[in-house]
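# Tertiary structure, described
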Amino acid sequence: MVVSFVVVGLAGTRMKRLEWGGWVAVAFSAAALLVGLLIGVGEMLSPGSYTDRQYTWLHLPPAPGAFPHGVSLVVGTLVDPISALMLIVVTVVGFLVMLYSIEYMHRDQGLPRYYSELSLFLAAMSGLVISDNLLEFFIFWELVGLCSYFLIGFYYERPAVASAAKEAFLVTRVGDVMFLLGVFVYFYYYATSGPAGGWAANGFVFTRGTAPFLAGSMGGSSPLLTVAGIMILGGAAGKSAQFPLHVWLPDAMVGPTTVSALIHAATMVAAGVYLLAVTSLFLGFTAVDQLAIVAVGGFTAFFAATMAVVHPDIKRVIAYSTISQLGYMVMAVGAGFAMVGLFHLFTHAFFKALLFLAAGSVIHALGTQDLFKMGGLRKPMRLTAACFAIGGLALAGIPPFAGFWSKDDVLSSVYSQLGAHPAYWPFFLLAFATVFLTGYYIFRAWFLAFSGETVRDPTLPHPHEPPWVMTVPMVVLSALAVASGLLIFVPSFQSLLLVGAGATGIPPTFSTTDLLLSSASVALAAAGILVAWSLWGNGRVVPTEIGFAESVRRLLLNRYYFKAGYDWIGAKGVYTVARAADFFDQFVIDGTIHGFERIFGSLSDRLRRIQSGFVSDYAAYIVAGLITVFVLLLLVAPYVVSRIGGG
Amino acid sequence: MTDLSVVGFLGLSSALLAVGIFGVLTRRNFILLLISIEIAMNAAILNFVYFAGFLGGTSGLTGQAIAVVLIGFAATEVAVGLGIVLALNRAKGTINVAQATELRL
Amino acid sequence: MLPLLSLILVSLAVGTVATFFAGTRARYVALAVSAVFLAEVGLLFLSYPGWPGYNGALVPGFAESESYPWIHLSWMQINYTVGVDGISLVFILLTAVLQLATVVYSWTEDRRPAAYFGLVLLTCFGCFGVFVALDVLLFFLFWEAVLVPMFFLIGFWGGPRRRYAALKFFVYTHVASIVMLVGLLALVFYSGASSFDFSAIYASARTLAAVPQTFLFVALFFGFGVKFPIVPFHTWLPDAHVEAPTGASVLLAGLLLKLGGYGLIRWAVEVLPSGFHNAQPLLYAVAFLSIIWGSVLSLSQRDLKRLVAYSSINHMGIVLLAIALDSSLGLLAAVFLMFAHGVVSGLMFMVSGSVHHTFGTRDIPNVGGITPTTPALSTMIMVGSLASLGLPALIGFPAEFSAFLATWNALGYWVFIPLGILVVTAAFYLWMMQRVLFGPARGIPGDARDVPWYEGAGMGILVAFTVLFGVLPGLLVNVIASSPVKGFPGT
């Protein structure tokens, strides 16, 4: 069943050059949605069940050391609570975005390419979710990265787009390389020190469904495992745009908004969190790893939120918010509560996709992404304004919207670990402060776009509400943005999370959260919204950003100069080295060879002179040669023979 | 015959050879060059004839036969040589070998 | 007991000669010969090792072998001995695939087509011979037989600096093969082998003391290494590639570089274990140097062909690294990588050639935004680049994965060097794609059309293999792993 699902997704890529190609893709994604929901409901009804099918992909010959029996690489499909949860996210958002695209993209060129790449992405993402070992995970991981590259580069004629696509691929590639090394280390670790039997006997089969080998090792210590964990963290940081590999995601916003909603908000960027969660549940991190993960997540959450505060581009504001929210999830996983992180991933996928689709609706109507050109959209686009507000409230963490439940769980789970390690404190505080920033920046965007009397830039077209194919997904997602958090009170969903947690990482408490903590965070978020209202409400525009010195604002707009720094390293540093190496190659290495050539050339030039053309000279050489031979034969040869003592 | 005569004959033919080689190396006139080559050649023929007589019998006959063949060779060689002389004269208007330096790159 | 290998060899030779004399119909003859060749090799491949002609006992370790006396003197026994095991079989398949793709790609070659196609076939004939020869003299004859047609292909059909490039190519490889010949002869005579046969040398040379083995190994390593090419003896490669006609570039990168790798595995690594062991540090150093050097230099290239040429140095560096690891996993990875690189670099040179034909230049800064004009060509460029930078589901990934896993297993954190260089490799390919494929259109002539059918078909053959073995690498790996060398499980 699950295999057929992947096949269905792939089949979506087959349709080409059809006018109704988009509808074919929608139909396929609807089928995928059906399968995904069936699996998800099935998991909820019978929690704890999992189905694992495996096939040997490749059997590699042995190598002395870790792999005396060779290495078996398998591919398999694994359906368990975690993958079911992710599968629901992927298929629901995938289907809605596909539907939304019909209207949003209909004016663009190259639609077959768009739909086939999006279908391929859905197939690869589903494959990633249900893959049952790290290698297979990596393969699909790369494929979704490829689709992301293609889709960011959809408007490839623009230089900025081409550059952003390259940047996204390259920065995630850095993470991928670390991920790959992490895979090697885990392979090595299990082949040498994993439990005997099972896979050790048969070369090496790496399965996460069968036995959570190191589930008990969370917080343990082993140098090799620490390295492996850091490498996995590096991979996740690349994909989930965590510090310091965060630079690509804001630039990726040059792709179509639908792509931003699906790939760069709901699913692919969450794959990094998913990877961390899976690793923590089935392989385990050491204490050092956990600290590193919490640090990266907590710092990124705050760091990205600050950049969202001043940005004028509506999509980039949401993109920074994505990075920030991903930081929350990473932090929860690092603190040892993988399922809390996944729960936040689950809710975040819906409200963030909602925010992007609502923003897409605005962009579709006005043709600009600049917040300062918008304004007063509340009246002509009532539905969109409401949807954006729901998404914003969910993001800010106002009850009863989804973000409240999950974000609160993240904060309380990290809070519960503060006693375990004092170094968690600063990152917890950073994450806590982020709540305020989140409320502020998302409602700053809302007020700028929707409040006020009229659109600020009069040259823009008259705004209008989009047709049903765009509003239906938004409404559905709005409903989910409310309901997905309340799912926590549904017992079967709760047990899904609990069972998925396996032996460890059981979420602290879902219903009896620390009241003080949650009321404090709600108050902070509300304060953020109030500040936003007081500054930007009713269509006000603050001429210079109050509270921020101009230099700070420029620092934030320039993203702390990280992008410029990386560009400098790439363009100036590496490229200069490459030019120098090229010079060395052409003039030193080749120069040496040409030097030899010149030496022999001039030697032969000199030797050539004796070939004068005078017959008499040649005769003289003959005579001289003859005499030399005679001398050698008659005088030297007997002497040599007598010395050697030969016959 | 005595050893002295062997030495004498060898001395004679060596001298002839030396004269021939000297001529080859120094003369610029093609015809003189040919004559020098003939002189050197005759030194070899003289040796064959002498040693044929010296050894006698069937071995001697071999030497005489070779000498006769060599005389034939010398004649053909001169014929070819003179042909070259004529060709050279026709092409260059001279029979000075110093003028014919095409034998090089 | 059919002498199948000899039959293939003879049919290929006859076909080559026929092509030379076929005049204007040469391409049809060449196509037929290539198709038959591929069919034969495909049969050989699919039925390995349990196929009807199997007579493994003759030369131990080889699934199919033949041996006939050739030159027998009191002090040397030279035989005509040919045979294949899994390793050579993979290279033979590569030869057949590239030959067919090259012939199709060059379909409308109109400058002396008979000579062109004949020389292409002759090159492949020589490569096939190298891969099946199990006798030193036979091996060397085929080895040299490859040089000559390639020299003429570059020198006659090449670009503006073709004379320089052809000469450089010839001198470099010839000097190397002289050193190699000395090494091989020393191998025979110094070890006191009973004949020039591989099995005889294998039996006697392995028992030599470590010091002479080391000298012999280093000599052979130099001889084979220049073909690889190893840094710093690599500068012939970019020049030869840039000047060579596209078909010759494909064969040069796809096959000729592999001769070095195959030779090193067959005639040095297997035969001289102690020498190999002593020279391992040298091999590592050269491999790492080549990996870094090739990749960094690719970054600074303007000419598309030069870029691919330097990336070949990088990839062959990984091959050398995998060989140097001294494990069957590494050896498998090396062979697999060479096959992958053969197919992918062939594809990359074809697209470079097509870019040149279509836009009149290969200079990356001078042509850009070609995707709307030539979507098919752009797709090929993408597939080739992505395969080359090791994207899963394409052939480069399983090969590189095996190589890096073996490296990690043997060298630990040293694997960071080739892994880190992967990022640079990705960088130069992505940068190239950004400039050539995307962005606003630059330097596109008004009459630019997408690739003609024959060029597309030539590339399509290679793309098909790239995807096939990328998704199902087991097809290839199982054949390689059935070679009874280096502790492979054996047939």
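Residues numbered from 1 in each chain as written. Chains lettered and ligands numbered in written order. Predicted model: local features only at pLDDT ≥ 70, side-chain atom pairs only at ≥ 80, totals over all residues.

## A closer look at the overall build of chain B
Helix and strand counts for chain B come out as three helices and zero strands. Secondary structure elements of chain B, listed N to C terminal, follow the sequence α-α-α. Dimensions of chain B along its principal axes, counting C-alpha atoms only, are 50 × 25 × 25 Å. Put simply, chain B has 105 residues, and 14% of those count as buried. Summarising the internal contacts of chain B: among those between residues at least 6 apart in sequence, 43% fall at separations of at least 24. (Helix = DSSP H or I, 4+ residues; strand = E, 2+ residues; numbered from the N terminus. Buried ≥ 20, exposed ≤ 12 C-beta atoms within 10 Å, placed from the backbone. Contact = placed C-beta atoms within 7 Å.)

## Side note on the overall build of chain C
Tallying secondary structure elements over chain C gives 18 helices and two strands in all. Taking 2.2 N^0.38 as the reference for a compact globule, 491 residues should give roughly 23 Å; the C-alpha atoms of chain C span a radius of gyration of 21 Å, in line with that estimate. The C-alpha extent of chain C, read off along each of the three principal axes, is 70 × 55 × 40 Å. In chain C, which comprises 491 residues, the proportion classed as buried is 65%. Pairs at least 24 apart in sequence give 77% of the contacts found in chain C among residues at least 6 apart. (Rg over C-alpha atoms; globule rule 2.2 N^0.38 Å.)

## Quick notes on unusual backbone geometry
Peptide bonds are, in most cases, trans, and in most cases residues other than glycine have a negative phi. With an omega dihedral of 0 degrees, the bond running from F228 of chain C to P229 of chain C counts as a cis peptide bond. By secondary structure assignment, the location of P229 of chain C is in the loop between helix 8 (210-225) and helix 9 (236-243). With an omega dihedral of 10 degrees, the bond running from V231 of chain C to P232 of chain C counts as a cis peptide bond. Inspection of the secondary structure puts P232 of chain C in the loop between helix 8 and helix 9. Even without being a glycine, A241 of chain A presents a positive backbone phi close to 55 degrees. Among the secondary structure elements, A241 of chain A is positioned in the loop between helix 7 (223-239) and helix 8 (248-251). Even without being a glycine, A393 of chain C presents a positive backbone phi close to 75 degrees.

## Details of the interface of chain A and chain C
Contacts between chain A and chain C engage 43 residues on the former and 45 residues on the latter. Elements represented by at least two residues in the side of chain A that touches chain C include exactly strand 1 (51-60), helix 5 (134-152), helix 6 (159-193) and helix 21 (562-608) of chain A. The dominant element in the side of chain A that touches chain C, judged by the number of residues it contributes, is helix 6 of chain A, at 14 residues. Here the side of chain A that touches chain C is composed, by residue class, of 32 nonpolar, three polar and eight charged. (Nonpolar A, V, L, I, M, F, W, Y, C, P; charged D, E, K, R; others polar.)

## Section: the interface of chain A and chain B
Between chain A and chain B, the contact holds 10 residues from the first and 10 residues from the second. With five residues, helix 22 (residues 615-644) of chain A is the largest single contributor of residues to the side of chain A that touches chain B. Across the side of chain A that touches chain B, the residue classes tally to five nonpolar, four polar and one charged.

## Some remarks on the nonpolar core
Buried together is how nonpolar side chains tend to be arranged in soluble globular proteins. Core analysis: the biggest nonpolar cluster contains 425 residues, and A353 and L354 of chain A have the highest contact counts within it. Broken down by element, the residue count for this core peaks at 22 residues, all from helix 6 of chain A. Contact partners of A353 of chain A, with chain neighbours within four places excluded, come to V93, V97, A261, L262, A265, A266 and L477 of chain A. Membership of the second largest hydrophobic core comes to six residues, among which are V24, F30, L34 and I37 of chain B. (Core = buried A, V, L, I, M, F, W, Y, C linked by C-beta atoms within 7 Å.)

## Topic: the arrangement of the chains
Most contacts, compared over the two pairs of chains touching, are made between chains A and C. Of all C-alpha pairs spanning chain B and chain C, none lies closer than 21 Å, and the two are not in contact.

## What to know about the packing of helix 11 (residues 287-310) of chain A against helix 20 (residues 550-557) of chain A
For any two helices packed against each other, one specifies the inter-axial angle together with the distance between the axes. All names here are of chain A. Where helix 11 contacts helix 20, the two axes come as close as 8 Å, and the packing angle between them is 115 degrees. Considering the angle they form, helix 11 stands roughly perpendicular to helix 20. As for the relative orientation of helix 11 and helix 20, their crossing is left-handed in sense. From helix 11, T306, M307, V309 and V310 reach across to helix 20, where they touch R553, L556 and L557. For the contact of helix 11 with helix 20, the class distribution of residues is five nonpolar, one polar and one charged. (Axes fitted to C-alpha atoms, helices over the stretch in contact; angles between N-to-C directions. Parallel < 35°, antiparallel > 145°, perpendicular 65-115°, else oblique. Left-handed = near helix turned anticlockwise from the far one by under 90°.)

## As for helix 13 (residues 328-359) of chain C
Two residues of an α-helix separated by three or four positions point the same way, owing to the 3.6 residues in each turn. Residues and elements named next belong to chain C. End to end, helix 13 covers 45 Å across 32 residues, agreeing with the expected 46 Å (1.5 Å per residue, within 8%). Most of helix 13 sits out of view: 30 of its 32 residues are buried. Within two residues after helix 13, G360 carries a phi angle of roughly 75 degrees, on the positive side. (Expected span 1.5 Å × (residues − 1).)

## Things to note about the environment of A168 of chain A
Residues and elements named next belong to chain A. Within the secondary structure, A168 sits in helix 6. Taking the C-beta count within 10 Å as the criterion, A168 has 27 such neighbours and is therefore assigned buried. In this structure, the C-alpha to C-alpha distance between A168 and G235, residues 67 residues apart in sequence, is 13 Å.

## Here's the deal with helix 3 (residues 81-104) of chain A
With 24 residues, helix 3 of chain A should cover 34 Å at 1.5 Å per step; its first-to-last C-alpha distance of 34 Å lies within 8% of that length. In terms of residue burial, helix 3 of chain A counts as a mostly covered element, since 22 of its 24 residues are buried.

## Thoughts on the confidence of the model for chain C
As a note on interpretation, predicted positions should not be read in detail where pLDDT is low. All names here are of chain C. On average, residues of chain C score 86 in pLDDT, and 94% of them reach the 70 mark or higher. Segment residues 486-491 is flagged for pLDDT under 50; beyond a separation of four residues in sequence, or across chains, it makes 18 contacts in the model. Quick note on the complex model: pTM equals 0.84, ipTM equals 0.87. (pLDDT = per-residue confidence, 0-100.)

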